[in-house]
Amino acid sequence: MAKTLEELREELGECTRCSLCRGRNNIVFGDGNPDAQLMFVGEAPGRAEDAQGLPFVGPAGKLLDRLLEDIGLKRGDTYIANVIKCRPPGNRDPLPEETEACSPFLQEQTEIIRPRILCALGRVAAGFMMGKSVQITRIHGQRFEGAGYFLVPVLHPAAALRAASNMDLIRQDFKSLEAYLAEDDSPPEPPAEEPEQMGLF
Ligand code: URA
């Protein structure tokens, strides 16, 4: 029988697979509706997330809630996770060894939830999902074909909080998300073989 999110969380345990375990207060596994059509993937927990053990509960998370509300959704309609599950010191970008150790859990979460649309929040998550470094300002708001889902990279809400010009762009990204959700075409089938690593290409 297929694994559940609860079983996957148990398997993660009190993880010591990378050195981020030494500085964390809480593992931020992920949260939301296991049957969600829309799944968000962020980069890594920040201070508030590390303190509460939940994804996107700080200022960027509050903006995410408002953006969802603007398109008629609640956070509980979606599932939210991150590429890595422990806070990097000073919120630096995840290191390759951290992503390598942690991302199999994101991959399994995606396989359990099977969202129709996977929305990558920001450059780091989009780059991880696409298997290459990306310029988020060039690709945000577009819809790409993924392995069993459509991938929609958007600006990171934290970037919108830093610059007012980004706020208009992220609102447009969420309008595009709303339109993609309303379409009834199916994403490409996932591969029969387990992919060695996540990524579209
Ligand atoms: N930023 C992220 O990328 N993830 C979170 O969970 C919070 C802020």
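Let me sum up the structure you'll find in this document.

The rules behind each value
Residues numbered from 1 in each chain as written. Predicted model: local features only at pLDDT ≥ 70, side-chain atom pairs only at ≥ 80, totals over all residues. Heavy atoms only, no water. Helix = DSSP H or I, 4+ residues; strand = E, 2+ residues; numbered from the N terminus. Buried < 20%, exposed > 50% of the residue type's maximum accessible area, 1.4 Å probe, protein only. Pairing = 2+ DSSP bridges. Contact = heavy atoms within 4.5 Å. Axes fitted to C-alpha atoms, helices over the stretch in contact; angles between N-to-C directions. 1 Å grid on protein atoms, 1.4 Å probe; cavity = no way out; pocket = protein on both sides within 12 Å on 5 of 7 lines; lining within 4 Å. Points joined across faces, edges and corners; volume = space filled by probe spheres on them. Salt bridge = Lys/Arg side-chain N within 4 Å of Asp/Glu carboxyl O.

Attention now goes to unusual backbone geometry. Here the phi dihedral of Phe-56 falls at roughly 50°; this positive angle occurs in a residue that is not glycine. Structurally, Phe-56 is set in the loop between helix H2 (47-52) and helix H3 (59-70). Residue class for Phe-56 comes out buried when judged on its relative accessible area of 6%. Of note, the phi angle at Arg-114 is positive, near 50°, even though the residue is not glycine. With respect to the element layout, Arg-114 can be found in the loop between helix H4 (96-113) and strand E4 (117-121).

Sheet strands pair by backbone hydrogen bonding; their relative direction is either parallel or antiparallel. Strand order across the open sheet formed by six strands is E1-E3-E2-E4-E6-E5, with mixed pairing between neighbours. At either end of the open sheet lies a strand with only one pairing partner, and these are strand E1 (31-32) and strand E5 (144-145). Most of the contacts of helix H5 (residues 123-130) go to E4, to which it runs at about 130°, and overall it touches strand E2 (38-42), E4, E5 and strand E6 (150-154).

Another aspect to go through is empty space enclosed by the protein. Evaluated as defined, the whole model comprises one cavity of 30 Å³ or more. Lining the largest cavity are 15 residues, with Cys-15, Cys-18, Arg-24, Cys-86 and Cys-102 sitting closest to its centre.

Its location among the elements puts Gly-46 in the loop between E2 and H2. Those residues in contact with Gly-46, other than ones at most four positions away along the chain, are Arg-87 and Asn-91.

Time to look at the pattern of salt bridges. Across all of its chains, the model carries eleven salt bridges by this definition. Between Arg-92 and Glu-98 there is a salt bridge; the shortest N-O distance is 2.7 Å. Take Arg-92: its relative accessible area is 28%, and that puts it in the partly exposed class. Judged by its relative accessible area of 2%, Glu-98 falls in the buried class. One salt bridge in this structure joins Asp-93 and Arg-123, with 3.0 Å as the shortest N-O distance. One end of the pair, Asp-93, is in the loop between strand E3 (79-82) and H4; the other, Arg-123, is in helix H5, with 30 residues separating them in the sequence. Residues joined by salt bridges that share partners form a network here, namely Arg-116, Arg-143, Glu-183 and Asp-185.

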